[in-house]
Amino acid sequence: AFFNKNVGRDLTPIFDQYLRRTALPTLELQFDESAGTVSYRWKADEKAFAMPVKVGRKDAWQLIEPTTEWKTIALRMKMGEFDVATDLYYIDVSRK
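Residues numbered from 1 in each chain as written. Predicted model: local features only at pLDDT ≥ 70, side-chain atom pairs only at ≥ 80, totals over all residues. Heavy atoms only, no water.

A few points about the side chain of Glu46
Consideration 1: On the secondary structure map, Glu46 appears in the loop between strand S2 (37-43) and strand S3 (53-57).
Consideration 2: Reaching out from Glu46, the side chain makes a polar contact with the side chain of Arg21 at a distance of 3.0 Å.
Consideration 3: Ignoring sequence-local partners within four residues, the contact set of Glu46 consists of Pro13, Asp16, Gln17, Arg21 and Thr68. (Helix = DSSP H or I, 4+ residues; strand = E, 2+ residues; numbered from the N terminus. Polar contact = N/O pair within 3.5 Å; in protein donor to acceptor, adjacent residues only side chain to side chain. Contact = heavy atoms within 4.5 Å.)

A look at the pairing of S3
Consideration 1: Bridge analysis of S3 against strand S4 (residues 60-64) gives five bridges, and the strand direction is antiparallel. In the sheet register, Lys54 faces S4, and the bridge partner there is Leu63.
Consideration 2: What sits between the antiparallel neighbours S3 and S4 is a turn of two residues.
Consideration 3: Both S3 and strand S6 (residues 83-84) contribute to a ladder of two bridges, which runs antiparallel. Among the inter-strand pairings, Val55 is bridged to a residue of S6, identified as Val84. (Pairing = 2+ DSSP bridges.)

Remarks on the environment of Phe82
Consideration 1: Looking at the secondary structure, you find Phe82 in the loop between strand S5 (71-74) and S6.
Consideration 2: The exposure class of Phe82 is buried, given its relative accessible area of 4%. (Buried < 20%, exposed > 50% of the residue type's maximum accessible area, 1.4 Å probe, protein only.)

Notes on the sheet that holds S3
Consideration 1: Across the sheet, which stays open at both edges, the three strands sit in the order S4-S3-S6 with antiparallel pairing between neighbours. If you trace the sheet from one side to the other, it starts and ends with S4 and S6, each paired once.

Interpretation note: all reported values are geometric properties and have no functional meaning in isolation.
Right under this line is the structure:
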């Protein structure tokens, strides 16, 4: 409750995922180059897991807020140039 109050968002699912589950959350990415989009979601044991993550290019990260439901954004670069700031998060990434 202390963290939730001071941060202004419910961090309980994030804490529950990391402290009570053995699997890392996986950021699933699905690219559609013909449409110029990337879809993303978290695959996690906690149904309400929602953690922001930085994606895009290392010189100009974009913060996205994935949930366990699919969301889509415009892909402003080639699929191979799209990166996830995995050095900042303890996560897995799946690309399709």
